[in-house]
Amino acid sequence: MSRLDWKRGRWSAEVETQQIGDGLRGYQPAYGDQVTYWRFDYKKSQRHPVYDEASEVGRQFIGPHEIPVLDVIHGYGGDELHEGGFYTNDSLRVTCGFRQISRVGLTHADLRTAAYLRDRVAYDGKLFRVLSMKIQGQIQRSDVVVEINAAQLKSDEVANDPLFAQYAVDPQAIARFRR
């Protein structure tokens, strides 16, 4: 830690965040995991002016980006009744270094303005939408550790999107499997 009584020297908040980032990068290959991340492209996406739904080219995403993460907690949801049968709605909590997530384009401004709420994360063969992002570690306003919370997208939300069609699950196939 920096000495508070010295204004200059070899230790500073920048040096310490660099060393913490190096330590996190060393931890990740041995104990961490990775997720696939897509950024929502606000410039190329088109929405209907009245109904606020995708129109013409629809939603466009930048990616996929493979992001090394420190920890992933995949919460398996219980069965919920849906008009097409039962489905599960899982949750995801990802902990990663800020430098890793900033390579995707998430910067300080993104964390303050919630521009990440339309982003997508894939893990364990399932697709999730980002619900929240929290700074878990910070040194003098330099972000170090970020937590991303996400909820699984339902099959009908991704069925017509060719980019994410591989993550759509047929509820009737699941119902046949359970018999």
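Everything numeric in this text was worked out from a predicted model, so none of it was measured.

Regarding empty space enclosed by the protein
Now for step 1: Tallied over the entire structure, the rule returns one cavity of 30 Å³ or more.
Now for step 2: Around the largest cavity sit Val35, Tyr37, Ile67, Val69, Val94, Cys96, Ile101, Val121 and Ile148, which together line it.

So, the pairing of strand β1 (residues 33–40)
Now for step 1: With six of its eight residues buried, β1 lies for the most part within the structure.
Now for step 2: Alignment of β1 against strand β2 (residues 61–69), held across seven bridges, turns out to be antiparallel. Residue pairing in the sheet places Val35 in a bridge with Ile67 of β2.
Now for step 3: For β1 and strand β7 (residues 120–123), the ladder comprises three bridges, and the chain directions are antiparallel. If you follow Trp38 over to β7, its bridge partner there is Arg120.

Some details on the environment of Arg93
Now for step 1: With respect to the helices and strands, Arg93 occurs in strand β6 (residues 91–97).
Now for step 2: Considering only alpha carbons, one finds Arg93 and Ser132, 39 residues apart in sequence, at a separation of 9.7 Å.
Now for step 3: Apart from the residues within four sequence positions on either side, Arg93 is in contact with Asp71, Val72, Ile73, Glu147, Ile148 and Asn149.

Thoughts on the pattern of salt bridges
Now for step 1: The tally for this structure, following the rule as stated, stands at three salt bridges.
Now for step 2: Taking the shortest distance from any N to any O, the salt bridge between Asp119 and Arg39 comes out at 3.0 Å. Separated by 80 residues along the polypeptide, Asp119 in the loop between α3 (108–113) and β7 and Arg39 in strand β1 bring together distant segments of the chain. Taken as a pair, Asp119 and Arg39 share a single burial class, namely buried.
Now for step 3: We note a salt bridge from Glu147 to Arg93, for which the minimum N-O separation is 3.8 Å. Here the residue Glu147 occupies a position in strand β9 (residues 142–152), and Arg93 occupies one in strand β6, the gap between them amounting to 54 residues.

Some details on the side chain of Asn149
Now for step 1: Tracing the sequence through the fold places Asn149 in strand β9.
Now for step 2: Since its relative accessible area comes to 15%, Asn149 is described here as buried.

Focus: the sheet that holds β6
Now for step 1: In spatial order, the strands read β2-β1-β7-β8-β9-β6-β3; together these seven strands make up an open sheet with antiparallel pairing. The open sheet is flanked by β2 and β3 (71–75), the only strands paired with a single partner. Strand-to-strand twist in this sheet, taken as the mean axis angle between neighbours without regard to direction, amounts to 30 degrees.
Now for step 2: For β6 and β9, the ladder comprises seven bridges, and the chain directions are antiparallel. Residue Ser91 lies in a different strand from β9, and its bridge partner there is Ala151.

Considering the packing of aromatic side chains
For any two aromatic rings, the description comes down to two numbers: the centre-to-centre distance and the angle of the planes.
Now for step 1: Per the counting criterion, the structure on display carries four aromatic pairs.
Now for step 2: Ring centres 6.2 Å apart and planes at 80 degrees place the aromatic pair Trp38 and Tyr167 in the edge-to-face group. Of this pair, Trp38 sits in strand β1 while Tyr167 sits in the loop between α4 (155–158) and α5 (171–178), placing them 129 residues apart in sequence. Each member of the pair, Trp38 together with Tyr167, is buried.
Now for step 3: Summarising the aromatic geometry, the rings of Phe40 and Phe61 are spaced 5.5 Å apart at their centres and angled 75 degrees between planes, so their arrangement reads as edge-to-face. Of the two residues, Phe40 sits in strand β1 while Phe61 sits in strand β2, which places them 21 residues apart along the sequence. Here Phe40 matches Phe61 in class, with each residue buried.

About the thresholds
Residues numbered from 1 in each chain as written. Predicted model: local features only at pLDDT ≥ 70, side-chain atom pairs only at ≥ 80, totals over all residues. Heavy atoms only, no water. 1 Å grid on protein atoms, 1.4 Å probe; cavity = no way out; pocket = protein on both sides within 12 Å on 5 of 7 lines; lining within 4 Å. Points joined across faces, edges and corners; volume = space filled by probe spheres on them. Buried < 20%, exposed > 50% of the residue type's maximum accessible area, 1.4 Å probe, protein only. Helix = DSSP H or I, 4+ residues; strand = E, 2+ residues; numbered from the N terminus. Pairing = 2+ DSSP bridges. Contact = heavy atoms within 4.5 Å. Salt bridge = Lys/Arg side-chain N within 4 Å of Asp/Glu carboxyl O. Axes fitted to C-alpha atoms, helices over the stretch in contact; angles between N-to-C directions. Phe/Tyr/Trp six-rings, centres within 6.5 Å; stacked < 30°, edge-to-face > 60°.

All quantities given are derived from atomic positions and should not be read as evidence of function.
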